[in-house]
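Letter by letter, the chains look like this.
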Amino acid sequence: MVSASDKMQEASPTTENGRSNPPAYATDSTSQDITEGLYVLTNRKTRKILDLCEGSLASHTPCIGWVRNTDHTFDHQLWELKIASDQNTYSLMSFRSGLFVDLQCGKRENGSGVICYRRVHEGESRLHQEWRLLEGVSGDY
């Protein structure tokens, strides 16, 4: 992975409830090397594929890790990468459902669920559907 000092700014001071804010990421031009298109996303450690659970077309469908599908369900694992509004982030749309990868309820805590949800075009909630892709040491993102 790229060192934290290369990619992150100093952490913000603590919030009102005494917890510290997570560090903010610096503007990162490397993510712009990735072109929009259709992708299969593989976890580097487990080799599991990002999958739309049971291929559901419903909003709030969980995203899960799954073995590579090579049968008629392969479209559960196809994701359209699009440049998001600020040009330094991307959105991921399920090819099957047309729904977007989203942090469930906008939670910031570790272990927060990742779901597919209808597109949010305005307001702060749209940021739950925008992702920054950072290059790792081996060239992976």
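Everything here concerns the structure above.
As the structure is a computational prediction, the values presented were derived from the model and not from experiment.

Calculation notes
- Residues numbered from 1 in each chain as written.
- Predicted model: local features only at pLDDT ≥ 70, side-chain atom pairs only at ≥ 80, totals over all residues.
- Heavy atoms only, no water.
- Salt bridge = Lys/Arg side-chain N within 4 Å of Asp/Glu carboxyl O.
- Helix = DSSP H or I, 4+ residues; strand = E, 2+ residues; numbered from the N terminus.
- Buried < 20%, exposed > 50% of the residue type's maximum accessible area, 1.4 Å probe, protein only.
- Pairing = 2+ DSSP bridges.
- Phe/Tyr/Trp six-rings, centres within 6.5 Å; stacked < 30°, edge-to-face > 60°.
- Lys NZ or Arg CZ within 6 Å of the ring centre and 35° of its normal.
- Core = buried A, V, L, I, M, F, W, Y, C linked by side-chain atoms within 4.5 Å.
- Contact = heavy atoms within 4.5 Å.

> Sorry, what's going on with the pattern of salt bridges here?
Think of it this way: side chains of opposite charge can pair up when their charged atoms draw near. A full pass over the atoms with the stated rule returns 2 salt bridges. Put simply, Arg96 and Asp75 hold a salt bridge, and the shortest N to O gap is 3.3 Å. One end of the pair, Arg96, is in the loop between β5 (90–94) and β6 (100–103); the other, Asp75, is in the loop between β3 (61–66) and β4 (79–83), with 21 residues separating them in the sequence. Classification of Arg96 as partly exposed rests on a relative accessible area of 35%.

> How should I be thinking about the pairing of β4 in this particular structure?
Consecutive side chains along a regular strand alternate between the two faces of the sheet. Relative to β4, strand β1 (residues 37–39) runs antiparallel, the two being bridged by 3 bridges. In the strand pairing of β4, Leu38 is matched with Glu80. Two strands pair when backbone bridges link them, and β4 and β5 are joined in this way by 5 bridges, in the antiparallel orientation. Looking across to β5, one finds that Glu80 is bridged to Met93.

> How do you make sense of the packing of aromatic side chains when you look at a structure like this?
Each aromatic ring pair is described using two quantities: the centre-to-centre distance and the angle formed by the ring planes. Under the defined criterion, the tally for this structure stands at 0 aromatic pairs. If you follow Arg119 out to its NZ or CZ, it ends over the ring of Phe100, 4.7 Å from the centre.

> Is there a simple way to think about the nonpolar core in this case?
Considering soluble globular proteins, one finds that nonpolar side chains tend to be buried as a cluster. Core analysis: the biggest nonpolar cluster contains 10 residues, these being Ile34, Leu52, Cys63, Trp79, Leu81, Tyr90, Leu92, Leu99, Val101 and Cys116. Going through the elements one at a time, β4 and β5 are the ones with two or more residues in this core. Excluding residues that lie within four positions of it along the chain, Leu99 makes contacts with Leu57, Ala58, Ser59, Leu92, Met93, Ser94, Cys116, Tyr117 and Arg118.

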